[in-house]
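# Close look at the chain arrangement
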Amino acid sequence: MTAFSEALRKAFGERARKNVSLAPMTTFRVGGPADWLVETRSSAEIVTALELAHRAGVAVTLLGGGSNVLVSDSGVRGLVIRTRGGEVKALGDSRVRADAAVTINGLVRWTINRGLAGLEAWAGTPGTVGGAIHGNAHFGGGLVGDLVTDVRVAAVDGTMSDLPRAAMAFAYDRSRLQQSGEVLLSAVFEVSPGDPATLRAQARESLAFRKRTQPLDSPSAGCVFQNPVAGRDVVPDGIPWSAGALVDRAGLKGVAMGGARVSPTHGNFIVNDGTATAADIRQLIERCRAAVFERFGVRLREEIVYLGEPA
Ligand SMILES: Cc1cc2nc3c(=O)[nH]c(=O)nc-3n(C[C@H](O)[C@H](O)[C@H](O)COP(=O)(O)OP(=O)(O)OC[C@H]3O[C@@H](n4cnc5c(N)ncnc54)[C@H](O)[C@@H]3O)c2cc1C
């Protein structure tokens, strides 16, 4: 263990830390400490961290913007790699490559400023390219994976591979990375020429839609549950195929457990009033799942990712 700490310190200096609270690094603002945390600034640094952990037999967890995770109150054992920095590059006129740590908002701004269309509707989506590809983020009926042509990933031992979109097993809230445990290093997105003013107006529309429909003033992780999927789930006639609507119609909007509450604005958001623990949020999630199953026979699945074991 000490040898691992020393190796991390040698490679990352002050950016390698022990016993670091993860709560401030998540949008839910809850959760315990990581045994070790490194903040990487490039793909090469992510690979170095993976190699060091692999050699030492230390478990690794990736954290991007922390906007789709619930970190347990007891924290995360092993090494947490928090991806930061990164860059965007144009590859000719029709493709851009973004490093995993680039924020979706940063990528949207970058493309709009260069008159490149394709990503503008994603304005306001919190988090990074890595997190968006891992969960195949969705907005307005579109999936982020549909915009990707290929990706670069690293296996847990740091070995890199380039994969075409077809190898990514993208589906609603799904990607290959969830099964393989590979780490996204960068992704290439398809773009086309567009007028920056028009693209900016479209981005503003997305932002306004979010402001109107989402409780953005309180800490949350966005939608907690996946929407039901035809072929997998059965929703009673006349009930919308929407997790938020199901939670709402089960009478749970505004219901609280400890410092966690189902948002009165959006039934699929749980908000932290500033005093919530991860356990409060988990209990409320279970309560919603139980009530929706009892009332409608639909088993809601989490869209958010649990990191660390529950306390
Ligand atoms: C207010 C609000 C609104 C939201 N709106 C939407 C929305 O419209 N659509 C939507 O889909 N989501 C939405 N979300 C959820 C969230 O923004 C997305 O899921 C986002 O893509 C997560 O990215 P992240 O970097 O924060 O990932 P994190 O939360 O840090 O991580 C999520 C998962 O990805 C993994 N991961 C992170 N980086 C990498 C990497 N480089 N390689 C491999 N795995 C990695 C993590 O280990 C974890 O399992 C919203 C969240 C909030 C708070």
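Parameters at a glance
Residues numbered from 1 in each chain as written. Predicted model: local features only at pLDDT ≥ 70, side-chain atom pairs only at ≥ 80, totals over all residues. Heavy atoms only, no water. 1 Å grid on protein atoms, 1.4 Å probe; cavity = no way out; pocket = protein on both sides within 12 Å on 5 of 7 lines; lining within 4 Å. Points joined across faces, edges and corners; volume = space filled by probe spheres on them. Nonpolar A, V, L, I, M, F, W, Y, C, P; charged D, E, K, R; others polar. Domains from an automatic or database assignment. Contact = heavy atoms within 4.5 Å. Buried area = accessible area lost by both parts, 1.4 Å probe. Salt bridge = Lys/Arg side-chain N within 4 Å of Asp/Glu carboxyl O. Polar contact = N/O pair within 3.5 Å; in protein donor to acceptor, adjacent residues only side chain to side chain. Helix = DSSP H or I, 4+ residues; strand = E, 2+ residues; numbered from the N terminus. Pairing = 2+ DSSP bridges. Axes fitted to C-alpha atoms, helices over the stretch in contact; angles between N-to-C directions. Near = heavy atom within 4 Å. Areas by Shrake-Rupley, 256 points an atom, 1.4 Å probe, with all protein chains shown as cover. Disulfide = S-S within 2.5 Å.

### What about empty space enclosed by the protein?
Applying the stated criterion across every chain, the model contains 1 cavity of 30 Å³ or more. Roughly 50 Å³ of internal volume is contained in the largest cavity. Lining the largest cavity are 13 residues, and of these Ser 42, Ser 43, Ile 46, Asp 99 and Ala 101 sit closest to its centre. Partitioning the lining of the largest cavity into residue classes produces 4 nonpolar, 6 polar and 3 charged.

### Looking at the domain arrangement of the chain
Each assigned domain of the chain is listed here: domain 1 (2-83), domain 2 (88-213) and domain 3 (215-311). Measuring from the centre of the C-alpha atoms in domain 1 to the corresponding centre in domain 3 gives 28 Å. With 17 residues of domain 1 at the interface, the matching set in domain 3 holds 23 residues. Across the interface of domain 1 and domain 3, roughly 1,500 Å² is buried in total on both sides, 63% from carbon and sulfur atoms. Of all residues in domain 1, the largest losses of buried area upon contact with domain 3 belong to Phe 28, Asn 68 and Leu 70, amounting jointly to 45% of the total for that side. The interface formed by domain 1 and domain 3 holds 0 salt bridges in total. Run the count over domain 1 and domain 3 and you get 11 residue pairs in polar contact (both at pLDDT 80 or more). Of all elements in the fold, only strand E3 (60-63) and strand E4 (69-71) reach the threshold of two or more residues within the side of domain 1 that touches domain 3. Along the lines of polarity and charge, the residues of the side of domain 1 that touches domain 3 split into 8 nonpolar, 7 polar and 2 charged.

### Re the sheet that holds strand E1 (residues 16-21)
Spatially, E1-E2-E5-E3 is the arrangement adopted by the 4 strands of the open sheet, whose pairing is mixed. A single partner strand is all that each edge strand has here, and the edge strands are E1 and E3. Sheet twist, expressed as the mean angle between neighbouring strand axes with direction ignored, is 35 degrees. Note: E1 against strand E2 (residues 33-40), 5 bridges, orientation antiparallel. The residue of E2 that forms the bridge with Ser 21 is Pro 33. Against the sheet, helix H1 (residues 2-12) makes contact with E1, E2 and strand E5 (76-83), and its axis sits at roughly 25 degrees relative to E2, the strand it touches most.

### Brief notes about the layout of surface pockets
Empty space within the second largest pocket amounts to approximately 210 Å³. Forming the walls of the second largest pocket are 14 residues, and the residues nearest its centre are Ser 43, Arg 97, Arg 152, Asp 162 and Ser 186. At the level of elements, helix H2 (43-56), strand E7 (95-99), strand E11 (148-154), strand E12 (160-164) and strand E13 (183-190) are the ones that each hand at least two residues to the lining of the second largest pocket. Taken together, the residues of the lining of the second largest pocket break down into 7 nonpolar, 2 polar and 5 charged. Both domain 1 (2-83) and domain 2 (88-213) contribute no fewer than three residues apiece to the lining of the second largest pocket.

### Here's the deal with the site of the ligand
If you check the shell around the ligand, you find 31 residues, and the closest are Leu 62, Gly 64, Ser 67, Thr 128 and His 138. With respect to the ligand, the backbone of Gly 66 contributes an N or O atom lying 2.8 Å from an oxygen atom. Taking Arg 210, its side chain carries an N or O atom lying 3.0 Å from an oxygen atom of the ligand. Expressed as a share of its isolated accessible area of 980 Å², the protein-covered part of the ligand is 94%. At the level of elements, E3, helix H4 (129-135), strand E9 (138-139) and E13 are the ones that each hand at least two residues to the shell around the ligand. The element best represented in the shell around the ligand is H4, accounting for 4 residues.

### Here we look at the state of the cysteines
Summed over all chains, the structure comprises 0 disulfides. Its sulfur unpaired, Cys 223 is 12 Å from the next cysteine sulfur, which belongs to Cys 288.

### Here we look at the sheet that holds E7
An order of E6-E7-E13-E11-E12 is seen for the 5 strands of this open sheet, with the pairing classed as antiparallel. Bordering the open sheet on either side are strand E6 (88-90) and E12, each of which pairs with just one other strand. Strand-to-strand twist of the sheet, defined as the mean angle between neighbouring strand axes without regard to direction, takes the value 20 degrees. In the sheet, E11 pairs with E13 via 6 bridges, with the strands oriented antiparallel.

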